[in-house]
Structure formats: structure tokens, C-alpha cells
Amino acid sequence: MKKISISAICLVLFLAFCYATSGHLHLPGHGNVEKQNLREAVINHVSSTLSNDEKVEFVGNSGNDYFKEDGEARFSTNVSYYVVSPNGSKVKHTSHIITNDDRDKIIEWKDL
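Undergrad: When you look at the sheet that holds strand β1 (residues 55-69) in this model, what are you seeing that I'm missing?
TA: By way of backbone hydrogen bonds, the strands of a sheet pair with one another, either parallel or antiparallel. Within the open sheet, the 4 strands sit side by side as β1-β2-β3-β4. Their pairing is antiparallel. In the strand order of this sheet, the two ends are held by β1 and β4 (106-111), each with one partner. This sheet shows a mean twist of 20° between the axes of neighbouring strands, independent of strand direction. Sheet topology places strand β2 (residues 72-84) next to strand β3 (residues 90-100); 11 bridges connect them, and they run antiparallel. Each residue of the ladder has a partner; that of R74, found in β3, is N100.

Undergrad: Help me understand the packing of aromatic side chains, please; the structure alone is not making it clear to me.
TA: Here a ring pair, both rings aromatic, is described through the centre-centre distance and the interplanar angle of the planes. This model, assessed by the stated rule, comprises 2 aromatic pairs. Between Y66 and F75, the aromatic rings sit 5.1 Å apart at their centres with planes inclined by 55°, giving tilted as the arrangement. Note on Y66: relative accessible area 44%, which makes it partly exposed.

Undergrad: Would you take a moment to explain the confidence of the model for the protein chain for this structure?
TA: For any part of a model where pLDDT is low, the fine detail of the predicted coordinates should not be relied upon. Across the protein chain, the average pLDDT comes to 87, with 87% of residues at or above 70. The least confident element of the protein chain is helix α1 (residues 6-21), whose mean pLDDT is 79; the most confident is β3, at 96.

Undergrad: Just to check I follow, could you spell out a nonpolar patch on the surface for this structure?
TA: Side chains of I4, I6, I9 and L13 sit close together on the surface and give an oily, nonpolar patch of about 440 Å² of accessible area. With respect to the helices and strands, L13 occurs in helix α1.

Undergrad: How should I be thinking about the pattern of salt bridges in this particular structure?
TA: Side-chain pairs of opposite charge can arise where the charged atoms are in close proximity. The full count for this structure, using the stated rule, is 3 salt bridges. For E34, the salt bridge is made with R103, and the minimal N-O distance between the two is 3.8 Å. With E34 in helix α2 (residues 30-47) and R103 in the loop between β3 and β4, the pair connects residues that are 69 residues apart, well separated along the chain. Among the residues examined, E34 registers a relative accessible area of 15% and is labelled buried. Given the relative accessible area of 9%, R103 is considered buried.

Undergrad: How should the pairing of β4 be read in this particular structure?
TA: Residues in a regular strand project their side chains so that they alternate between the two faces of the sheet. Of the strand pairs in this sheet, β3 and β4 are connected by 5 bridges, and their pairing is antiparallel. When the sheet's bridge partners are listed, H96 is paired in β4 with K110. Hairpin remark: β3 followed by β4, antiparallel, with 5 residues in the connecting loop; positive phi at R103, about 65°.

Undergrad: Sorry if this is basic, but what is going on with the pairing of β1 here?
TA: Pairing of β1 with β2 involves 12 bridges; the strand directions are antiparallel. Note on β2: the bridge partner recorded for S62 is N78. Connecting β1 to the next strand, β2, in antiparallel fashion are 2 residues, including D70 with a positive phi near 55°.

Reading the values: the criteria
- Residues numbered from 1 in each chain as written.
- Predicted model: local features only at pLDDT ≥ 70, side-chain atom pairs only at ≥ 80, totals over all residues.
- Heavy atoms only, no water.
- Pairing = 2+ DSSP bridges.
- Helix = DSSP H or I, 4+ residues; strand = E, 2+ residues; numbered from the N terminus.
- Axes fitted to C-alpha atoms, helices over the stretch in contact; angles between N-to-C directions.
- Phe/Tyr/Trp six-rings, centres within 6.5 Å; stacked < 30°, edge-to-face > 60°.
- Buried < 20%, exposed > 50% of the residue type's maximum accessible area, 1.4 Å probe, protein only.
- pLDDT = per-residue confidence, 0-100.
- Patch = residues over 30% accessible without salt bridge, like charges linked within 9 Å, V, L, I, M, F, W, Y side chains within 5 Å.
- Areas by Shrake-Rupley, 256 points an atom, 1.4 Å probe, with all protein chains shown as cover.
- Salt bridge = Lys/Arg side-chain N within 4 Å of Asp/Glu carboxyl O.

Below, the structure written as C-alpha cells:
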């Protein structure tokens with residue numbers, strides 16, 4: 001049986017690390033980061049338009065689509081959210097949005 005040198009093991013580990021961090025390997029939880037980015041982007045966008053201590057509750061999204069625009073990946077989806085008044089009443093809203101690939105920046109917003 002041949003012995004494997006320490007330098008060979010280090011090289012293999014280094015290459016595996018480089019591959020994993022390059023974005024080619026989707027580790028567990030990868031999709032959760034994008035969902036969280038979308039949730040935060042929607043809440044921040046809507047919150048910036050509210051007044052009188054209203055709050056935003058993100059419901060979810062549907063109709064997901066990826067496309068390229070000017071060489072950049074884009075994500076298109078319909079989002080639903082509640083605007084909650086200080087007295088607790090909720091009004092549901094739906095909007096169509098386009099974000100960057102990471103879903104952390106809203107590029108286009110259209111209320112439906």
C-alpha cells in the first residue's frame with residue numbers, strides 16, 4: 001500500500017476548498033440565503049414607502065423566472081406581503097419584481 005504525502009493531501013483539500021467557494025458547488029442552505037435576501041429586499045423597499053408606524057409582513061413569492069439582461073442574470077417573481085397598521089389590521093398586496101441574481105437588490109417594482 002502506498003503512502004500519501006502530506007503535501008498531496010493539502011493540495012487536494014486546497015483545490016476542494018477553491019471549488020466549493022467559487023460558486024460552482026451549492027452547499028446546503030444555499031437557496032435559503034436567496035430567499036432571505038428576497039424577503040429583506042421586499043420588506044426594506046415597502047417599509048421605505050410607509051408612514052404612521054405601519055409594518056410589513058412578507059408572505060411569499062410565486063412565478064419564478066430567471067433571464068439575462070445586458071449580460072446580467074435577473075430573477076423575476078410575484079411577491080405577496082401585508083401592510084400592517086398600528087391597530088393590527090392587515091392589507092394584502094401583490095407586486096411583480098425583478099431583482100439581481102442574488103435577490104438582494106430590487107431593479108424593477110410593479111404593483112399588481
